[in-house]
Every structure is written in C-alpha cells, then in structure tokens.
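Letter by letter, the chains look like this.
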Amino acid sequence: MSDRGTRDIVLKGSAAGETVRALAAVTTGVVEEARRRHGTLPTATAALGRALTAGLLLGGTMKDEERLSLEFAGNGPLRRVMITTTGTGQVRGYVARPATHLPPRNGKLDVGGAIGKGLLCVIRTQPWNKEPYRSIMQLVSGEIANDVAHYLTASEQIPSAVGLGVFVEREGGVSAAGGFLVQVLSGASEEMIGLVERNVARLPPVTTLIREGAGPPEILAAVLAGLDVRALAEEPVRFACPCTRERVYGALLLLGPEELQDMITREGQAEVTCEFCAERYVVDRDQLTMLLVEPRGSA
Ligand SMILES: [Zn+2]
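Residues numbered from 1 in each chain as written. Predicted model: local features only at pLDDT ≥ 70, side-chain atom pairs only at ≥ 80, totals over all residues. Heavy atoms only, no water.

A. How the structure looks around the nonpolar core. Counting 66 residues, the largest nonpolar core has Leu70, Phe72, Val81, Leu252 and Leu288 as the members making the most contacts within it. Examining the composition of this core, we find that 10 residues originate from one element, helix H2 (residues 42–59), more than from any other. Filtering out sequence-adjacent residues up to four positions away, Phe72 remains in contact with Ala51, Arg79, Arg80, Val81, Ile115, Leu119, Leu120, Leu139, Ile144, Asp147 and Val148. The next biggest cluster of nonpolar side chains, apart from the first, holds 21 residues, and it includes Ala22, Val196, Val223 and Leu224. (Core = buried A, V, L, I, M, F, W, Y, C linked by side-chain atoms within 4.5 Å. Buried < 20%, exposed > 50% of the residue type's maximum accessible area, 1.4 Å probe, protein only. Helix = DSSP H or I, 4+ residues; strand = E, 2+ residues; numbered from the N terminus. Contact = heavy atoms within 4.5 Å.)

Take a look at the structure:
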C-alpha cells in the first residue's frame, strides 16, 4: 500500500460547550488516487472527489464499526457517483462515466450539470441495528456539498453546513482537495448559530485555503472563528478497498460450474475489475480449474 495518502487527515473539533461540532479535511492524496485509478476527466474527478471527501467528513462523525454509502444518481452525463466509507477513515468510490467533462460554469467545474437532476441515497449500516438506515432525497443542486447538507439537516435533523472542493490542474492531476462540515447540535444559542453562519458565508473556497498552505487546523479555525475551539481528534484517512483475490474467486464460484467450464474452454482465463477501486484481477486457466475441482478449497 502506498503512503501517498498518509498526509490526508480529518480533524474533528467542537466549540461553544460542545453545542457546535465541526470537522475539517484535506483529502488531496485520496482524490488524486481515485482519479488515477479510474482515469477520470476533470468534471468527473471533481464530482468523485467531493463525494469521497463528504464521505470522510461524515465518517468522522461515525463510530468505528459503522459503514456509510452515498449514491448520487442523476440524469446528467455522469449518471452516478457512488462512495462507501468506514468510521475509521477508509473510503472508496467510482463514477458511472469517468470520461465526463463539461465546460466550466462560473469559472468552476460543473459538477451539478454533470450529475443533473436526481436522487441522493444514503445507507448507514450500524452493527447494533438489524436493518440499515436508508434515506432517499431529491438532489438540491447536484453540487454534492449542499445535497449532503440538505440530507443532514432534513433527514438526520441536524442543521449542517458543508463545504467541499477539488482543484484540478490543467494536465488533469489533483493539486488540492478537502472540505468541512459544521453542525449545530441541540442547546446551541442563536448567537452561536449566527456566528457560524457568518463564518461559513465569508469563507473562501476550501481549495483556495489549501493552495495557500492551510491544513485542517486552519480550515477548522476559519469555520469556528470567534468561538472557543476545542480540537478533539485527528484521523488519517485514505482510499482503501477491501476487494481481494479471494473475493474474486468467491464471485466466480457463484457463476456455477457450467459457466466456469465455459470460461476455461473459450477464454482460458477470467478477468474481473473491481468497480470501486478499478483493481484488475486476472484468474488464469489453472486457477479456474482449481475452482472447478475444489469449489470450497482455500485458494
Ligand atoms: Zn476494489
């Protein structure tokens, strides 16, 4: 595993006697790795990067064993953005059409245009609940940040503001990515709420801050300016996918013996690409035969 993403961090803080919760993230390595794996063009890179960052920020509010997925499905050319994340800072994701790129709108990558009108589907899996928690909402703009803020405010009933940014260089690489999430919990005074709202409204784009050298502490300080900030915890985050060769064998076994025999006869091998991380697995003739002979064997 490369250490490309080790400088990526989510910082969790609170203020105003814990009635305001805020998280700030720098995710440049995560987003660049996602871009490289999926070969996304700039608008698709921005959409995927914003969704990955949103996932990591939400992950920062979750318990370790929780899982979360965000799916943005729209009628735009990108069709779909899907990410899943853990409460321990691991995220993965993909877009349906990585080659999506639109002319910029108001000088920004047109993520809203790429996703279009559609739905945000959120699934939270908590091991202590038998059923996963599902929520489906209309997209507000398809720009990701306000869609996630709307979900948190309307569905989880926690008034929230979200800022997300991905800066794509002319040659296509990601040079800055990050974001923040600020939430007003019960007991917060009107004065505190007003202060946070004014901070958020005044904030320059997150990528401007990061490109000027700001890290999560500086972003958090800007979001919570004028409040007594208490930094609680710092969590390293990374792009990570749990797919393995063994899982690929498991998926092939599900096809059944006839299909496997057919693959051996016709192709001489099987090729499986993980949708989430684009890792490519080639299963050769010998391995396929082994699956046929000993379907429950440890490969
Ligand atoms: Zn994978």
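B. Just the pairing of strand S8 (residues 160–168), in detail. Counting buried positions along S8 gives 7 out of 9 residues, so the element sits mostly inside the fold. Two strands pair when backbone bridges link them, and S8 and strand S9 (residues 174–184) are joined in this way by 9 bridges, in the antiparallel orientation. Residue pairing for S9: Val162 is matched across the bridge by Leu181. The antiparallel pairing of S8 with S9 creates a hairpin that spans 5 residues between the two strands, and Gly172 there sits at a positive phi of about 110°. (Pairing = 2+ DSSP bridges.)

C. Broad picture of the packing of helix H1 (residues 28–38) against H2. Between H1 and H2, the least distance of the axes is 9 Å, while the angle of their chain directions is 135°. The angle between H1 and H2 falls in the class oblique. Here H1 and H2 pass one another in a crossing that is right-handed. Residue-level contacts link Val30, Val31, Ala34, Arg35 and His38 of H1 to Thr45, Leu48, Gly49, Leu52, Thr53 and Leu56 of H2. Taken together, the residues of the contact of H1 with H2 sort by class into 6 nonpolar, 4 polar and 1 charged. (Axes fitted to C-alpha atoms, helices over the stretch in contact; angles between N-to-C directions. Parallel < 35°, antiparallel > 145°, perpendicular 65-115°, else oblique. Left-handed = near helix turned anticlockwise from the far one by under 90°. Nonpolar A, V, L, I, M, F, W, Y, C, P; charged D, E, K, R; others polar.)

D. Highlighting the layout of surface pockets. By volume, the largest pocket amounts to about 800 Å³. Along the wall of the largest pocket there are 31 residues; nearest its centre are Arg50, Lys108, Leu164, Gly165 and Pro205. Where the lining of the largest pocket is concerned, the elements lending two or more residues are H2, helix H4 (145–154), S8, helix H5 (190–202) and helix H6 (206–211). Sorting elements by how many residues they give to the lining of the largest pocket places S8 first, with 7 residues. Residues of the lining of the largest pocket, tallied by class, amount to 17 nonpolar, 8 polar and 6 charged. Volume-wise, the second largest pocket comes out at about 270 Å³. Taken together, 15 residues line the second largest pocket, and the ones lying closest to its centre are Arg67, Thr84, Thr86, Arg92 and Pro242. Taken together, the elements giving at least two residues each to the lining of the second largest pocket come down to strand S3 (67–74), strand S4 (80–86), strand S5 (90–95) and strand S6 (118–125). Taken together, the residues of the lining of the second largest pocket break down into 6 nonpolar, 6 polar and 3 charged. (1 Å grid on protein atoms, 1.4 Å probe; cavity = no way out; pocket = protein on both sides within 12 Å on 5 of 7 lines; lining within 4 Å. Points joined across faces, edges and corners; volume = space filled by probe spheres on them.)

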